Amino acid sequence: QVQPVESGGGLVQPGGSLKLSCKASGFSIETYAMGWFRQAPGKKREGVVCIAYHDGSQFHSDSVKDRFSISRDDAKNTVYLQMNSLNPEDTATYSCAAAEMCGAKGGPYGMDYWGKGTPVTVSS
């Protein structure tokens, strides 16, 4: 299987935190940029965060800077998205992707593999 599988989504109150996981199989994340993107109903798909494969450089969209962070565990072939200070505007389905590189604005660029996503709802 080459499709990453996301988990960890759910309902969280505004101001809360959530950590998502992305488990990859069929390929090694060590040679890919790994990123997260999201899509809310009626909204365009948006890059969130990305980590480069070669030096670990991280990129964030302006909307999540200082709130979201990405990390990778190569031994477990897993990528994580730590989300803090969540607000209702963060409500979306979050997907991870293995890509050629990270886009300057935080999204994965040139995706090779991506998952179906896990929904996150931020509401009181």
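Residues numbered from 1 in each chain as written. Predicted model: local features only at pLDDT ≥ 70, side-chain atom pairs only at ≥ 80, totals over all residues. Heavy atoms only, no water.

Draft legend 1. Spotlight on the overall build of the chain. The helix and strand tally for the chain stands at 0 helices and 11 strands. The linear arrangement of helices and strands in the chain, starting from the amino end, is β-β-β-β-β-β-β-β-β-β-β. Computed over its C-alpha atoms, the radius of gyration of the chain comes to 13 Å, within 12% of the 14 Å expected for a compact globule of 124 residues. Considering only C-alpha atoms, the chain reaches an extent of 40 × 30 × 25 Å along its principal axes. For the chain, with 124 residues in total, the buried portion stands at 43%. Per element, the accessible surface of the chain, about 6,400 Å² overall, is 49% carbon and sulfur. A distance of 5 Å separates the average location of the 12 positive side-chain charges in the chain from that of its 12 negative side-chain charges. (Helix = DSSP H or I, 4+ residues; strand = E, 2+ residues; numbered from the N terminus. Rg over C-alpha atoms; globule rule 2.2 N^0.38 Å. Buried < 20%, exposed > 50% of the residue type's maximum accessible area, 1.4 Å probe, protein only. Areas by Shrake-Rupley, 256 points an atom, 1.4 Å probe, with all protein chains shown as cover. Lys, Arg positive; Asp, Glu negative; His and termini not counted. Charge placed at Lys NZ, Arg CZ, Asp CG, Glu CD.)

Draft legend 2. A look at the packing of aromatic side chains. A complete count under the given rule lists 4 aromatic pairs for this structure. Taking the centre distance of 4.5 Å and the plane angle of 20° together, the rings of Phe27 and Tyr113 count as stacked. Within this pair, whereas Phe27 is found in the loop between strand S3 (18-23) and strand S4 (33-39), its partner Tyr113 is found in strand S10 (residues 108-114), the two being separated by 86 residues in sequence. Residue classification places Tyr113 among the partly exposed positions, given a relative accessible area of 22%. (Phe/Tyr/Trp six-rings, centres within 6.5 Å; stacked < 30°, edge-to-face > 60°.)

Draft legend 3. Just the nonpolar core, in detail. In this structure, Met34, Trp36, Phe68, Met83 and Tyr94 are the most contacted members of the largest nonpolar core, which totals 27 residues. Of all elements in the fold, only S3, S4, strand S5 (46-51), strand S7 (68-73), strand S8 (78-83), strand S9 (92-102) and strand S11 (118-122) reach the threshold of two or more residues within this core. Broken down by element, the residue count for this core peaks at 4 residues, all from S9. Setting aside residues up to four positions removed in sequence, Met34 forms contacts with Cys22, Phe27, Ile29, Cys50, Ile51, Ile70, Arg72, Val79, Ala97 and Ala98. (Core = buried A, V, L, I, M, F, W, Y, C linked by side-chain atoms within 4.5 Å. Contact = heavy atoms within 4.5 Å.)

Draft legend 4. Just the environment of Pro4, in detail. Checked against the element boundaries, Pro4 lands in the segment before strand S1 (5-7). Once the C-alpha coordinates of Pro4 and Ser95 are considered, the two residues, 91 residues apart in sequence, prove to be 8.8 Å apart. In contact with Pro4, other than residues within four places in its own chain, are Cys22, Lys23, Ala24, Phe27, Cys96, Tyr113, Trp114, Gly115 and Lys116.

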